[in-house]
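Notes for the structure review
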Amino acid sequence: MVLNAKHTTVAYRCPKCGAGVMSAVGLFNLSADMVKLKCTCGGSELKIVYNRDDTVRLTVPCLLCAKPHQFTLKSSVFFSDDLFVLPCPLSDVNICFTGEINRVKAELARTELELLDMLEQQGISDFSALHGDEQDLGDPQVREIVLYVIRDLDDEGKIFCKCHPAGSPGPDPDTDGERHYDAEITPEGIRVTCRGCGASKVIPTDSMTAAHEFLNVDSLELE
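Here the residue numbers are simple positions, counted from 1 along each chain's written sequence. Thresholds applied to this predicted model are a pLDDT of at least 70 for local features of residues and 80 or more for the giving and counting of side-chain atom pairs; totals over whole chains, interfaces and linings are not thresholded and use all residues. Side-chain metrics rest on all non-hydrogen atoms present in the structure, leaving aside hydrogens and water.

Some points on the overall build of the protein
Inclusion rule: A run of H or I in DSSP counts as a helix once it spans at least four residues, and a run of E counts as a strand once it spans at least two, with each numbered from the N terminus. The rule is simple: take the accessible area with a 1.4 Å probe, protein chains only, and divide by the maximum for that residue type; under 20% is buried, over 50% is exposed, in between is partly exposed. Contacts: residue pairs with any heavy atoms within 4.5 Å of one another. For the area figures, the Shrake-Rupley method with a 1.4 Å probe applies, and any residue is considered shielded solely by the protein chains shown.
Helix and strand content of the protein: seven helices and 13 strands. Classification of the 223 residues of the protein by burial places 41% in the buried group. Considering only residue pairs separated by 6 or more positions, the protein has 45% of its internal contacts joining residues 24 or more positions apart. About 12,000 Å² of surface is accessible on the protein, with carbon and sulfur atoms providing 49% of the total.

Structure, rendered in structure tokens:
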């Protein structure tokens, strides 16, 4: 049957142990049910579903983010012999690969070298540390990222509390002459506190994942 002739190779890198997970996937399998690629360590799995509109939906574990990412591809792209890569939307690190088996193998090996170099530059010992398993709570790079975002939110008047609730104009340091919020480094993370009402919130700094996720917040509401 023509359906059986359609197949491709899919690979991803396990965020728990760092191993490359690769398997052949055919359209016949996808038409029957969801296909799952599981890492032998048991720490992650990639899910693939074929949709009736001739698209393929992938749920891909991410090396940097706490939650997996979803992608939808046309089946003609998914089953192409050309190499196709899917990057993490936040970090632009390639996290999934499809295509002809030798091309996928080569790209998986190439990106492994890039990732190992990235880890070395960050002073991280292994992949699991990206999710906070072994990284020190007081990592200065994580703190600096979080503090940078907090300062930006404060400058833009996007930190809200009991005396400056969401929907109302936030305090403006340029006109008020001083900042209304203090940022304190604690073992749990960085605590942001309003000087007026005392409302506060702790931003976790125990992993690079926490820092990358906080980069994308639009506002911060203290409780």
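Brief notes about the pairing of strand 2 (residues 20-26)
Heads up, the condition is: In short, DSSP must find at least two bridges between two strands for them to pair.
As defined by bridge partners, strand 1 (residues 7-13) adjoins strand 2 across seven bridges and the pair is classed as antiparallel. Each bridged residue has a counterpart across the sheet, and for Tyr12 the counterpart in strand 2 is Val21. Between strand 1 and strand 2, which pair antiparallel and follow one another directly, the connecting turn spans six residues, one of which, Gly18, has a positive phi of 90°.

So, the sheet that holds strand 10 (residues 181-186)
Our working definition: The axes are straight lines fitted to the C-alpha atoms, using for helices just the contacting stretch, and the angles between their N-to-C directions are given from 0 to 180°.
Reading across from one edge, 10-11-12 is the order of the three strands in this open sheet, with antiparallel pairing throughout. Pairing within the sheet leaves two strands with one partner each, and these edge strands are strand 10 and strand 12 (200-204). Strand after strand, the sheet turns through a mean of 20° between neighbouring axes, direction not considered. Across five bridges, the pairing between strand 11 (residues 189-194) and strand 12 is antiparallel. Bridged to Ile190 within strand 12 is Ile203.

Here's the deal with the confidence of the model for the protein
The following threshold applies: Per residue, pLDDT captures the predictor's confidence, and it can take any value from 0 to 100.
For the protein, per-residue confidence averages 78 on the pLDDT scale, and 76% of positions sit at 70 or higher. Of the regions scoring below 50 in pLDDT, residues 132-137 engages in 16 contacts with residues more than four places distant in sequence or in other chains.

Here's the deal with the nonpolar core
Quick note on the threshold: Residues belong to one nonpolar core when they are buried, are Ala, Val, Leu, Ile, Met, Phe, Trp, Tyr or Cys, and are joined through side-chain atoms within 4.5 Å.
Ranked by size, the top nonpolar core spans 28 residues in total, and within it Leu37, Leu46, Ile48, Leu58 and Phe78 carry the most contacts. Counting residues per element, this core draws most heavily on strand 5 (residues 55-60), at three residues. Judged by nonpolar contacts, the second largest core, of 16 residues, contains Val149, Cys194, Ala199 and Leu222.

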